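Chains, contacts and geometry: an overview
Residues per chain, in single letters:
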Amino acid sequence: MAAEATAPTLVVTETGAGARRTRWLLGRIGIYAALVFWAFISLFPVYWTVTTSMKVAKDVQLGHIIPYVDFQPNWLGWRSLGLSPDTIGATSTVRDEFLKRFFNSVFVAFGASGLAILIGALAAYGLSRFQYKFLWMKNQDISFFFLSQLILPPVVLALPFLVLYRELALLDSTIGLILLYTLTVLPIVIWIMKDQFDTIPIELDEAAQVDGLGPWGTFFRIILPMALPGMVAAFILSLILCWNEYFFAALLTSSEAKTLPVMVASQTGSQGINWWAMAALSTAAIAPLVLIGILLERYIIKGLTAGSIKG
Amino acid sequence: MATAELPNYGAVSRRRKDWGRALIAAATVLFLATALLQALNSSGLVPLGLRDWRPTLYAYLVWAVALGIGQVMIRGEAGLRALFILPAALFTVAMAIFPTLFGLSIAFTDWNLSSLTGQKFNGFDNLVQLFRDPFYWNAMRNMVIYVLFVLVEYAIAFALALLLNAEIRARKFWRVTFLIPLMLSPVAVSWMIGKSMLEYRYGPAARLARWLGVNNPSFFTDPWVARLWIEAMDAWVSIPFVMILLLAGLQALPREIIEAAKVDGASPWQRFWQIVFPLMLPVSITAIVLRIIFKLKLADIIINVTSGGPGGATDSVSSFIYREYRDRSNVGYGTMLAMFYLVVIVVFITTLLNLLSKRMRRMT
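Please read all numbers here as calculations on a predicted model, not as lab measurements.

**Some points on the overall build of chain A**
The number of helices and strands found in chain A is 14 helices and 2 strands. Relative to the globule expectation of 19 Å for 311 residues, the C-alpha radius of gyration of chain A, 25 Å, shows a markedly less compact shape. Considering only C-alpha atoms, chain A reaches an extent of 80 × 75 × 35 Å along its principal axes. Burial status across chain A gives 44% buried among its 311 residues. In chain A, 71% of the contacts between residues at least 6 apart in sequence involve partners at least 24 apart.

Given below as structure tokens:
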């Protein structure tokens, strides 16, 4: 992502300004109105969830929306999670449960993203630099083979894995989830990394080889450090996808390896109208990602747009 | 991966080649023997006391490592290059190709995990049942509707990309804001919007509807309204993705052409339809195809908000199969449904890509 495109400043001359200026002004107002409207659409559900976590029953029923104006924020929701200021020191089984799910999610997301980056970057470098031939498959076919995994819907793998994991004693284990999540993000990682390696001139490899480095030395000492932005982008994108994954986790985990999305989903039915608790839980589940989104937006966009703009 | 430091790669002696071949052969024999013993063990012919198939998994890992080392020993530098791609290839084969084939073998059996009878081959019974299953075809029809909605998502995303590409202040702020829904997990969105904001008594959407004069607003009782809300939630999460792709495309457009059109006196409307839109076609197609691929996996929101209701109106194929397993433990039939869906998807996507590439070739 290049920095903000420097827009040529509009110079409005005094001659014939009248009508054109009003039209320009109307256009401006239209654009900003549309921006504000969509910002509202994007943010209101988040705002609603965060504020609801600080409401009591009365506020929910009366439809209060703005804190301090039409309701007094209350820690009720966070207290039920054991995360409010007055309960944070005390022991809380709900908080232990939450933290366990939270760290399961962290472990699974980081494990899967790390593994996917490791084997994905290697494959992407190979495909970007060397000519392979395996049976009838050349580089292009091998790339397509990896990318085509993207269209495999989770349902196709879910039931076979249920049976396989039962036989392999990997049901309800974080390792099992890590392996599956690695598979689901691997095509995306290979895509992004190959795009990244393709932008690094091959002359660098050749120079390194002249200096006596083998293919692996070239890769680790010269090329990989240069591909770091792409790696960060691929890593963050995988992290988001793994953190949010629900389908496999819901089918393949039960008590031990349950991740945060499964916990959030399992609360919706049982708690009835315990809104503040649900809102607090949802807030806690989405907070890390909203933070990542705000702080690392540059990399997310880099990852999303890799390889799609060449035409 | 320590093999990188092997001395004098390039020239490979015959002895080393033979040792490499022997290594691979030995590992293959070990792997096959382990698998065979395990099969005998689990069928009860040779009770070895093994409780799970882990040994075969480990044997596969050993075989994979031996294959890598053997490649280097036999082919020298070329082997070192093959090592780059081997881990990913072996991983994908083990985790995607093998389970899919294994799934095919389940698909033709009558197997209910909760019943005691175990797996029983039943030929094409599942397939026949599939063609007679009205709920499955209902879910398929819903998928067609959901996929068609991608075009609406695309139109909105294009409008947003144009907005972000206009001369605006604080562009980064707007971009980050618009991106936030993409970060959120569908499960959290299900609660935040589906169960909370669309709650029919106290939710803000119901309140707004009542204020607009709708009596007893409900969002998930009428089939079409329910479908629209599911689609709206999914669109809310995914529009940013399409938008980012299109925005990147817009920023890569050659500025001179647009400036030239401006000088020639083309109105913004003409400039868009005659220059920007045609130039954006390749990016648009990439974005739409990717979005369709992700759309075909739609499940989480439906499972958590409506469970397919009312009367299957919002069901996607994935959520239907999910319930087929969750409620009935019907692995055999569920797998057949999934396999059939996979075939439909592959045929659909390949046809789509072929049509598009033909169309693109004719235009350029």
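**Comments concerning the domain arrangement of chain B**
All names here are of chain B. Under the domain assignment, chain B is made up of domain 1 (2-107) and domain 2 (128-363). If you average the C-alpha positions of domain 1 and of domain 2, the two centres end up 42 Å apart. Every contact between the two is made by 4 residues of domain 1 and, on the other side, 5 residues of domain 2. Classifying every residue of the side of domain 1 that touches domain 2 by side-chain character gives 3 nonpolar, 1 polar and no charged.

**Overview of the interface of chain B and chain A**
Counting residues at the interface gives 80 residues for chain B and 83 residues for chain A. For the side of chain B that touches chain A, the element with the most residues is helix H3 (residues 77-107) of chain B, which contributes 15 residues. Split by residue class, the side of chain B that touches chain A holds 56 nonpolar, 13 polar and 11 charged.

**Here's the deal with the nonpolar core**
Ranked by internal contacts, the top residues of the largest apolar core, which has 175 residues, are A:Ala123, A:Val189, A:Met193, B:Ala88, B:Met243 and B:Leu246. Residues in contact with A:Ala123, not counting those within four places in the same chain, are A:Phe146, A:Ile190, B:Phe84, B:Ile85 and B:Ala88.

**Topic: the environment of B:Trp229**
Residue and element names in this part refer to chain B. Examined against the element boundaries, Trp229 turns out to sit in helix H9 (residues 223-251). The exposure class assigned to Trp229 is buried, which follows from the 21 C-beta atoms found within 10 Å. Separated by 73 residues in the primary sequence, Trp229 and Ile302 place their C-alpha atoms 10 Å from one another. Excluding its chain neighbours within four sequence positions, the residues that come into contact with Trp229 are Leu198, Phe219 and Phe220.

**Quick look at helix H12 (residues 281-295) of chain B**
Residues and elements named next belong to chain B. For H12, with 15 residues, the first-to-last C-alpha span of 20 Å sits near the 21 Å given by 1.5 Å per residue. Where H12 is concerned, the buried positions are Val283, Thr286, Ala287, Ile288, Arg291, Ile292 and Lys295. Of the surrounding elements, those touching the buried residues of H12 are helix H5 (134-165) and H9.

**Considering the domain arrangement of chain A**
Residues and elements named next belong to chain A. Each domain of chain A was delimited in the assignment, giving domain 1 (17-81) and domain 2 (93-305). Once you take the C-alpha centre of each, domain 1 and domain 2 turn out to be 33 Å apart. In this complex, domain 1 contributes 13 residues to the contact, which on the side of domain 2 involves 13 residues. Elements supplying a minimum of two residues to the side of domain 1 that touches domain 2: helix H1 (17-52) and helix H3 (76-81). Broken down by element, the side of domain 1 that touches domain 2 gets its largest block of residues, 5 residues, from H3.

Parameters at a glance
- Residues numbered from 1 in each chain as written.
- Chains lettered and ligands numbered in written order.
- Predicted model: local features only at pLDDT ≥ 70, side-chain atom pairs only at ≥ 80, totals over all residues.
- Helix = DSSP H or I, 4+ residues; strand = E, 2+ residues; numbered from the N terminus.
- Rg over C-alpha atoms; globule rule 2.2 N^0.38 Å.
- Buried ≥ 20, exposed ≤ 12 C-beta atoms within 10 Å, placed from the backbone.
- Contact = placed C-beta atoms within 7 Å.
- Domains from an automatic or database assignment.
- Nonpolar A, V, L, I, M, F, W, Y, C, P; charged D, E, K, R; others polar.
- Core = buried A, V, L, I, M, F, W, Y, C linked by C-beta atoms within 7 Å.
- Expected span 1.5 Å × (residues − 1).

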